[in-house]
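# Secondary and tertiary structure notes
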Amino acid sequence: MVNEESFTDLVKGKRIGLFTLCNPQGMKVQITNYGAKIVSLYAPDKDGKLADVVLGFSTLEEWKTKETYFNAVIGRYANRIKEGHFTLDGKEYKLAVNNGTNHLHGGNVGFNEKVWDVVGQTKHSVSLHYRSADGEENYPGTLDVYVTYNVTLDNALEITYEAKTDKPTVLGFTNHAYFNLKGEGEGNVKDHVLQVFADEYTPFDDTACPTGEILSVEGTPMDFREPVLVGDRIDLPFFAPGRGIDNNFVLRKTDGKKKPELAAVVSAAGRTMQVLTTIPGLQVYTGNWVEKNIGKSGREYDVQTAICLEAQNFPNSPNIPSFPSPVLRPGEVYFEQCVYKFV
């Protein structure tokens, strides 16, 4: 486990803490209110052996300066918004362009670099709050965001997002957890087996932004409806050869109710993780741009040494009316969940 003292610090006058959540079966998760990040996640394999299955660092200073999206809550809008602008109720909003020609993960200083307030804590859960001011990163509306992490008796980490706004705005959160089910620092993820419960995907243009089309996965490298060895697909020309997968799937929704449904299953080294969510999309990303960082165990992280399964709104939804709406209005409550369950 990461040492708690290494997180005892002030950032912009606010206290940073490290919060350990656990269940009687031995599953342990450490959360910091800096970026609402998962610092470690000790999950059992089929024999009950625990391993820390998320990449990360030992000290707060490293979390602030290296790979700043690692295991963080991303906002105000996760993923890309094309050319850094959108129109809402007839008004155009121009955002930071921080990823080629596009806006990415909330802009220059996203939620992943904010200090969240701790508003509730038990032995198995912690609730965090962040108030995003009207105009922050040029998004409209003062947004109150709550994120709750909860470790369940059946070895799941539940993440619940809630938000309210005082003006119409667009939003879309995710947790950008970097998983390696063999254990962090234990090599690449080509030996992981992945299944995604999606019949369709959103193709993108040469800037990695969706075009607005929704296409069938049938007959394409995006077909993960049956379990697939990641190493059989990750370097195909369809993706980014030598880098990996970074694509959005359109998840199946079966009953129309607001409850988490099975989105994906990934397994390696006798450890299987289910991803369940209420959110319509799943971005699969294989750490394509992680290069030669020394992690918390002293081992190196490099390209393709993690897999991210990011439940989120479709990328560029603010500019594509046919996609699920990312708009939140005053009086409405945003409520979404993502669950990482070890079985």
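Here, every reference points to the structure presented above.
So, here is what we can say about the structure in this document. Predicted, not measured: the structure shown is a model, and the values here were computed from it. (Residues numbered from 1 in each chain as written. Predicted model: local features only at pLDDT ≥ 70, side-chain atom pairs only at ≥ 80, totals over all residues. Heavy atoms only, no water.)

### Observations concerning the overall build of the chain
For the chain, the helix and strand inventory stands at one helix and 30 strands. For 343 residues, the compact-globule estimate of 2.2 N^0.38 gives 20 Å, and the C-alpha radius of gyration of the chain, at 19 Å, lies within 12% of that figure. Going through the 343 residues of the chain one by one, you find that 58% of them count as buried. Pairs at least 24 apart in sequence give 66% of the contacts found in the chain among residues at least 6 apart. Total accessible area computed for the chain in this model is approximately 13,400 Å², and 49% of it derives from carbon and sulfur atoms. Averaging the locations of the 35 positively and 44 negatively charged side chains of the chain gives two centres separated by 3 Å. (Helix = DSSP H or I, 4+ residues; strand = E, 2+ residues; numbered from the N terminus. Rg over C-alpha atoms; globule rule 2.2 N^0.38 Å. Buried < 20%, exposed > 50% of the residue type's maximum accessible area, 1.4 Å probe, protein only. Contact = heavy atoms within 4.5 Å. Areas by Shrake-Rupley, 256 points an atom, 1.4 Å probe, with all protein chains shown as cover. Lys, Arg positive; Asp, Glu negative; His and termini not counted. Charge placed at Lys NZ, Arg CZ, Asp CG, Glu CD.)

### Considerations on the nonpolar core
Counting residues in hydrophobic clusters, the biggest one holds 63 residues, and the most contacted among them are Leu41, Tyr149, Leu194 and Val196. In this structure, Ile16, Val39, Tyr301 and Ala306 belong to the second largest nonpolar core, which totals 19 residues. (Core = buried A, V, L, I, M, F, W, Y, C linked by side-chain atoms within 4.5 Å.)

### Considering the pattern of salt bridges
Charged atoms that come close allow side chains of opposite charge to pair. Counted under the stated rule, the structure contains 22 salt bridges. For the salt bridge of Arg80 with Asp246, the shortest nitrogen-to-oxygen distance reads 3.8 Å. Placement of the pair is Arg80 in strand S8 (residues 80–81) and Asp246 in strand S22 (residues 246–251), with a sequence separation of 166 residues. The pair formed by Arg80 and Asp246 is uniform in burial state, with each residue classed as buried. Two residues, Arg225 and Asp223, come together in a salt bridge whose shortest N-O distance is 2.8 Å. With relative accessibility at 22%, the residue Arg225 sits in the partly exposed group. Three or more residues are tied together by salt bridges with common partners; here these are Asp199, Glu218, Asp223, Arg225 and Arg252. (Salt bridge = Lys/Arg side-chain N within 4 Å of Asp/Glu carboxyl O.)

### What to know about the sheet that holds strand S24 (residues 271–277)
With antiparallel pairing, the nine strands of this open sheet are ordered in space as S12-S13-S14-S15-S30-S24-S23-S18-S21. Edge positions in the sheet fall to strand S12 (117–121) and strand S21 (228–229), since each has one partner strand and no second. Here strand S13 (residues 125–132) pairs with strand S14 (residues 143–151) via eight bridges, running antiparallel. By the bridge assignment for S14, Arg131 is matched with Asp144. (Pairing = 2+ DSSP bridges.)

### Digging into the layout of surface pockets
In this structure, the largest pocket spans a volume of roughly 260 Å³. Forming the walls of the largest pocket are 16 residues, and the residues nearest its centre are Tyr69, Leu104, His105, His176 and Tyr285. The residue inventory of the lining of the largest pocket, partitioned by class, reads six nonpolar, six polar and four charged. Roughly 190 Å³ of internal volume is contained in the second largest pocket. Arg80, Phe204, Ala208, Phe238, Phe239, Ala240, Gly244, Asp246, Asn247, Asn288 and Trp289 together form the lining of the second largest pocket. Residue composition of the lining of the second largest pocket, grouped by class: six nonpolar, three polar and two charged. (1 Å grid on protein atoms, 1.4 Å probe; cavity = no way out; pocket = protein on both sides within 12 Å on 5 of 7 lines; lining within 4 Å. Points joined across faces, edges and corners; volume = space filled by probe spheres on them. Nonpolar A, V, L, I, M, F, W, Y, C, P; charged D, E, K, R; others polar.)

### Considerations on the pairing of strand S15 (residues 156–165)
Within S15, seven of the ten residues are buried, which leaves it mostly tucked inside the rest of the structure. Two strands pair when backbone bridges link them, and S14 and S15 are joined in this way by nine bridges, in the antiparallel orientation. Across the sheet, Val147 pairs through a bridge with Tyr161, a residue of S15. In sequence, S14 turns back onto S15 through a hairpin of four residues, with Asn155 there showing a positive phi of about 60°.

### Describing the side chain of Glu336
By the element assignment, Glu336 lies in strand S30 (residues 334–342). Judged by its relative accessible area of 10%, Glu336 is buried. Looking at Glu336, its side chain comes within polar contact range of the side chain of Lys258, at 2.7 Å. At a separation of 2.5 Å, a polar atom in the side chain of Glu336 contacts the side chain of Thr278. Discounting chain neighbours no more than four positions away, the residues touching Glu336 are Ile159, Thr160, Tyr161, Lys258, Thr278 and Ile279. (Polar contact = N/O pair within 3.5 Å; in protein donor to acceptor, adjacent residues only side chain to side chain.)

Note that every value here comes from positions in space, so none of it alone points to a role or purpose.
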